[in-house]
Amino acid sequence: MKNDDNAKPGKSALRFSTHSGFPRNIITLILMGVAWYVVYSRIDKIGALIAVRLLHLSPVSQTGEGAVYFFNTAGEVLWLLILVIYVMGIIRSFFQPEKVRHMLGDRRHPVDYLLAGLLGVVTPFCSCSAVPIFLGFVTSGVPLGMTFSFLIASPMVNEIAVSLLFVLFGVKIAFTYVASGLAIAFLVGFLMDRFRMERYLEPWVKEFEKSAVDIAVPKMDFQSRMAKGADAVKEILGKIWPYALIGIGIAAVIHMLVPSGFFSTGFSGCPECSGNHAAHGTFASTLPRIFGKRSWESVPLAVLIGAPMYSNPAGMLPILQALIEKGAPIGTSLAFIMAVSGVSLPEMVLLRKALRPILILVFLCSLIVGITAVGYLMNALF
Amino acid sequence: MKIQILGTGCAKCNALAANAEQALKETGIKAEIEKVTDIQEIMKFKVLMTPAIAIDGKVLAAGRVVSPEDIGKFLVAAGGDQHG
């Protein structure tokens, strides 16, 4: 602190604020929070403002309605994401993988698998680090299943998907999604250790020298944690906003054009063709088949289609919401989104270096079974 | 001197390699850049996160794309000869 002051002799007035940095940051946070909320509570006016006042669309016309929906949803989604990503950025600055590995090192209680899942949600790492983290955990003594709990929860329960679920479907669905994601992570990890799946690690992993060099994690003051939050907003929102806007745009079009009840009534209820559905082409005849509530195979089918896909939940979820409003069942749709975000085939390919094929298969199958179960459950609940 | 970029080939790993090249250009330090993409080889460095950068076998940063300036500092600290 002393050195710092000497370095900037002209800024002695700032000395006060550097010494009492913490409360000042708290005040800044509270002010930002209030400002955020004031905007958020009015964000549903933005659609009418842009569509009607600026673009002079009639609010009762189909285009006008679509535009109002688009700007309202886009505004709310992006504004909420700013807050959520910022807060998660700050929270994540407390959890480095090295620290988490240390925390999980000697834990074996069933509840600890849930902890591992929760830590997976708040620990920052990009998908390309998943495999090094996996191996780093396993080779330093974290049980294999617990490592899987950590690894499964991380992409599945992500703040982007949860925020969008909250905006588009409400708090109940968002919460159910988080709970089921954690439940899958917990169960898969716990059962893997129960059945001693570590037998199927490649030999080199087991023989790996069990010492771990920890890269020094620099100590951070709260100010730099806040900077981390801002960085996260810049990086993540900067990456996903086009997906979100395109997704919401497509959703707006679906809202305008697709007849309501299209998916629930399937073939018979279509107002346009009185039974001759061949006229709609494959799109219309395939979608109700997959997302139609009546067919029992719809959930596993949606999961199997979603698993190899890699897509951004920010783009996917608005479209799904529009489909659900037209009668597609919510459990099927959410199972689909879970499979898209939670199952990564490139990751499996990389893991193959460390896991014998049977273990990869077990991992993949248990994810698919778990997600399918969640789909059925949510179809039954909502 | 040898710079190793550890990463299985993701976008961030490539960004880090590009930054290392730029750092060499900016500092005028001569060093060889090697990309380590094999996961088994990467694990020998004991890193948990990629991309990571090692100079002469010593890991200096992991899990972030280090800026060319910072890589330059690493290089100077590791005793790289600056030729103007």
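Calculation notes
- Residues numbered from 1 in each chain as written.
- Chains lettered and ligands numbered in written order.
- Predicted model: local features only at pLDDT ≥ 70, side-chain atom pairs only at ≥ 80, totals over all residues.
- Helix = DSSP H or I, 4+ residues; strand = E, 2+ residues; numbered from the N terminus.
- Buried ≥ 20, exposed ≤ 12 C-beta atoms within 10 Å, placed from the backbone.
- Contact = placed C-beta atoms within 7 Å.
- Rg over C-alpha atoms; globule rule 2.2 N^0.38 Å.
- Axes fitted to C-alpha atoms, helices over the stretch in contact; angles between N-to-C directions.
- Parallel < 35°, antiparallel > 145°, perpendicular 65-115°, else oblique.
- Left-handed = near helix turned anticlockwise from the far one by under 90°.
- Nonpolar A, V, L, I, M, F, W, Y, C, P; charged D, E, K, R; others polar.
- Pairing = 2+ DSSP bridges.
- Right-handed = clockwise from strand over helix to strand, strands pointing away.

A.B. asks: So what about the overall build of chain A? Which residues, and what values?
C.D. replies: Across its full length, chain A carries 20 helices and zero strands. Residues counted as buried form 41% of the 382 residues belonging to chain A. In chain A, the proportion of contacts linking residues at least 24 apart, taken out of those at least 6 apart, comes to 83%.

A.B. asks: Any chance you could break down the overall build of chain B for me, citing the residues and the numbers?
C.D. replies: Across its full length, chain B carries three helices and four strands. Each helix and strand of chain B, ordered N terminal to C terminal, gives the series β-α-β-α-β-β-α. For 84 residues, the compact-globule estimate of 2.2 N^0.38 gives 12 Å, and the C-alpha radius of gyration of chain B, at 12 Å, lies within 12% of that figure. Expressed as lengths along the three principal axes of its C-alpha atoms, the size of chain B is roughly 35 × 20 × 15 Å. Residues counted as buried form 42% of the 84 residues belonging to chain B. Relative to all contacts within chain B whose residues are 6 or more apart in sequence, the contacts with residues 24 or more apart total 67%.

A.B. asks: Would you mind going over the packing of helix α5 (residues 62–92) of chain A against helix α13 (residues 222–257) of chain A in detail, with residue names and values included?
C.D. replies: Residue and element names in this part refer to chain A. Two elements in contact, α5 and α13, have axes separated by 8 Å at closest approach and are oriented at 160°. For the element pair α5 / α13, the angle class is roughly antiparallel. As for the relative orientation of α5 and α13, their crossing is right-handed in sense. Across the contact of α5 with α13, the residue classes tally to 25 nonpolar, seven polar and four charged.

A.B. asks: With reference to specific residues and values, describe the interface of chain A and chain B.
C.D. replies: On the side of chain B, 17 residues touch chain A, which itself brings 19 residues to the contact. Element by element, the count of residues in the side of chain A that touches chain B is highest for helix α8 (residues 130–139) of chain A, at five residues. Residues belonging to the side of chain A that touches chain B are distributed by class as follows: 14 nonpolar, two polar and three charged.

A.B. asks: Just give me the short version of the environment of Tyr-37 of chain A, but keep the residues and values in it.
C.D. replies: Its place among the elements puts Tyr-37 of chain A in helix α3 (residues 21–41). For the pair Tyr-37 of chain A and Leu-80 of chain A, spaced 43 residues apart in the sequence, the C-alpha separation amounts to 9.5 Å.

A.B. asks: Outline the pairing of strand β2 (residues 32–36) of chain B, supporting the account with residue identities and numerical values.
C.D. replies: All names here are of chain B. Sheet analysis places strand β1 (residues 2–6) next to β2, joined by five bridges and oriented parallel. Within the sheet, the bridge partner assigned to Ile-3 lies in β2 and is Ile-33. Running through helix α1 (residues 11–27), the crossover from β1 to the neighbouring parallel element β2 is right-handed.

A.B. asks: Please provide a residue-by-residue account of the environment of Pro-155 of chain A, values included.
C.D. replies: All names here are of chain A. Turning to its location among the elements, Pro-155 is positioned in helix α9 (residues 144–156). Residues Pro-155 and Ala-116, 39 residues apart in the sequence, show an inter-C-alpha distance of 13 Å. Not counting residues within four places of it along the chain, the set of residues in contact with Pro-155 comprises Ser-127, Ser-341, Gly-342 and Ser-344.

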